[in-house]
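Chains, contacts and geometry: an overview
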Amino acid sequence: MSLTRKNKKEKVREPRTKITWKEVKRQKVLLFWAAIMVAYGVVFYYLPLAGWAMAFQDYKPRLGIFHSAFVGLDKFKMLFSDMTFIRVIRNTLAMGVINLVVTFVTAIAFAILLNEIASKGGKKVVQTISYLPHFLSWIIVTGILHDMLSGTGIVNEFLVNMHIIDQPINFFAHPGYFWPIVAFANVWKETGWNAIIYLAAITSIDPSLYEAASIDGAGRWAKIKYVTLPGIKPTIIILLLMNVGNVLNAGFEIQYLLGNGLIQDVSQTIDIYVLKWGISQGDYAIGTAAGIFKSVVSIILIFIANKIVAAVLKGMQSGVAALIVSVVADMCTVILKEKSFFLFSLIPIAFIANFIFDVNVALILAVCCGLCILRVYVRSGGHKWKFF
């Protein structure tokens, strides 16, 4: 018994390859692109953090950061003593949670229902149509919403003609309608796009499980409950963790475009507050303090969610992050055997996409590629790498 306990406690160490100048020369392409991405991250993501010093100063643009008076936490005290900011936090959290729950559930349900379509042609048509709203700007989406919900719009016309209401409703003058409208807009715009990852997870489920369920007499609903949902459970948990950190990113464009003086008590978010007071009113210190608050809360939410998920996913020492890296690395191992150039091409493509489209996911993609390259390199001892 004592021997078995000792064996359980012992950790299996993987052999490490020594890094030599010869190996560095062989991996010069990888190191070149990695250096570019590191420099990009430092310049555009870490150096701007020095601007956080403005939140602790009575910042004046003519004096700059180095000569403005230091006031400590006075700006944060002003923030939390301002009832407008408290109301803004409430709005941001409420819309963030509503958007998270509604878009999360609808994406999973849509992916499962789409997977049940027997016709391949019909499935492709529905998929394509559902993706299209994602590529529309919020200007177009809010224009469509205004036309739909106006006094002479299709919604009011339908309700009046069906004798559900006597007079058209001004949806943008009643605070009670604003949050549901924002949730509906996010669902309509993002459900098809968010369902892509769930569809990919569903296709990776072993078909023999469905065959075995059919033999046991399971119907469609039983297969969804006992095969499909357990099969995509890891994907659901990972995406939930990633989305929890974005709860405070409830949006800016749709609230700014649909909001007005009648509903500003429920429409303003932290981003709009930063724009109004930090830029429009010229109080950069207050705007920076509000931005810091938002960032800190997001980090805390991600940390808590990661701890919870790590406890759920037993057997994983580093939580969901380890699962993500492991899955990506194992996938890329196959690519590296025959088409390693494809993986390396993702890094400059992501780098260019981040510049052109300002998409932070592109940087995350490049970092994940770099991590999986490094991980596979360490595991394989450098024997599977052929750049030339």
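Per chain, the residues get numbers from 1 upward, laid out in the order the sequence is written. Local features in this predicted model are restricted to residues whose pLDDT is 70 or higher, and side-chain atom pairs enter the listing and the counts only when it is 80 or higher, whereas totals over whole chains, interfaces and linings include all residues. Hydrogens and water molecules were not included; the side-chain quantities draw on all heavy atoms of the structure.

**Let's talk about the overall build of the protein**
- Check the secondary structure of the protein and you find 20 helices and two strands.
- A burial count over the protein gives 36% of its 388 residues as buried.
- Any two residues whose heavy atoms approach within 4.5 Å at even a single point are treated as in contact. Long-range contacts, defined here as pairs at least 24 residues apart, represent 68% of the contacts in the protein between residues at least 6 apart. Put simply, DSSP H or I for four residues or longer makes a helix, DSSP E for two residues or longer makes a strand, and each gets a number counted from the N terminus. Relative accessible area decides the class of each residue, using a 1.4 Å probe on protein chains only: under 20% of the type maximum gives buried, over 50% gives exposed, and in between gives partly exposed.

**Describing the packing of aromatic side chains**
- Ring geometry is summarised as follows: Phe, Tyr and Trp rings, the Trp one being its six-membered ring, pair when their centres sit within 6.5 Å, and such pairs are stacked at plane angles under 30 degrees, edge-to-face over 60 and tilted between the two. The final tally for this structure, using the stated rule, is 14 aromatic pairs.
- Ring pairing ties together the aromatic residues F80, F85, Y273, W277 and F293, which thus form one cluster.
- We count a charge as sitting over a ring when the NZ of a lysine or the CZ of an arginine lies within 6 Å of the ring centre and within 35 degrees of the ring normal. Taking the ring centre of W138 as reference, the NZ or CZ of K189 above it sits at 5.1 Å.

**Some remarks on the environment of H67**
- Along the chain, H67 falls in helix 4 (residues 64-67).
- Linking H67 and Q57, residues 10 residues apart in sequence, is a C-alpha distance of 9.4 Å.

**Concerning the nonpolar core**
- In plain words, nonpolar cores are sets of buried Ala, Val, Leu, Ile, Met, Phe, Trp, Tyr and Cys residues tied together by side-chain atoms within 4.5 Å. One finds F104, I108, A111, Y198, I202, I232 and I236 to be the most contacted residues of the largest nonpolar core, which totals 20 residues.
- For this core, the secondary structure elements donating two or more residues are helix 6 (83-115), helix 10 (175-203), helix 11 (207-215), helix 12 (220-231) and helix 13 (233-244).
- With six residues, the single largest contributor to this core is helix 6.
- In this structure, I232 is in contact with I108, Y198, A201, I202 and I205, ignoring residues within four places of it in sequence.

**Digging into the pattern of salt bridges**
- Basic side-chain nitrogens of Lys or Arg form a salt bridge, by our definition, when they fall within 4 Å of a carboxyl oxygen of Asp or Glu. Considering all chains together, one arrives at five salt bridges under this definition.
- Between E116 and R220 there is a salt bridge, with the nearest N and O atoms lying 3.7 Å from each other. Taken together, the positions of E116 in the loop between helix 6 and helix 7 (120-131) and R220 in helix 12 put the pair 104 residues apart, joining distant regions of the chain.
- The exposed category is assigned to R220, whose relative accessible area is 52%.
- Between D271 and K294 there is a salt bridge; the shortest N-O distance is 2.8 Å. Of the two residues, D271 sits in helix 16 (residues 270-280) while K294 sits in helix 17 (residues 284-312), which places them 23 residues apart along the sequence.
- Classification of D271 by relative accessible area gives partly exposed; the value is 25%.

**Observations concerning helix 10**
- Across its 29 residues, helix 10 extends 42 Å between first and last C-alpha, which sits within 8% of the 42 Å expected from 1.5 Å per residue.
- What is called the bend at a residue is the angle between a pair of axes, fitted to the seven residues leading up to and ending at it and to the seven starting from it. The sharpest bend along helix 10 comes to roughly 50 degrees, located at E190. The span you would expect from a helix comes to 1.5 Å times its residue count less one.

**Comments concerning the confidence of the model for the protein**
- Across the protein, the average pLDDT comes to 78, with 76% of residues at or above 70.
- For every residue, the predictor assigns a confidence score, pLDDT, that lies between 0 and 100. Here residues 315-321 scores under 50 on pLDDT; set against residues more than four positions off or in separate chains, the count is nine contacts.

**Remarks on the packing of helix 11 against helix 12**
- Fitted lines through C-alpha atoms give the axes, limited to the stretch in contact for helices. The angle between two N-to-C directions lies from 0 to 180 degrees. Where helix 11 contacts helix 12, the axes come no closer than 10 Å and their chain directions differ by 145 degrees. Judged by the twist between their axes, the crossing of helix 11 over helix 12 is right-handed. Where helix 11 approaches helix 12, its residues L209, Y210, A213 and S214 are matched on the opposing element by K223, V227 and T228.
- Following the grouping adopted for this structure description, the nonpolar residues are Ala, Val, Leu, Ile, Met, Phe, Trp, Tyr, Cys and Pro, the charged ones are Asp, Glu, Lys and Arg, and the polar ones are all others, Gly among them. Broken down by class, the residue content of the contact of helix 11 with helix 12 amounts to four nonpolar, two polar and one charged. With the far helix as reference, a near helix turned anticlockwise by less than a right angle produces a left-handed crossing, and one turned clockwise produces a right-handed crossing.

**Remarks on the environment of Y273**
- Mapped onto the elements, Y273 comes out in helix 16.
- Those residues in contact with Y273, other than ones at most four positions away along the chain, are L79, D82, T84, F85, V88, G278, I286 and A290.

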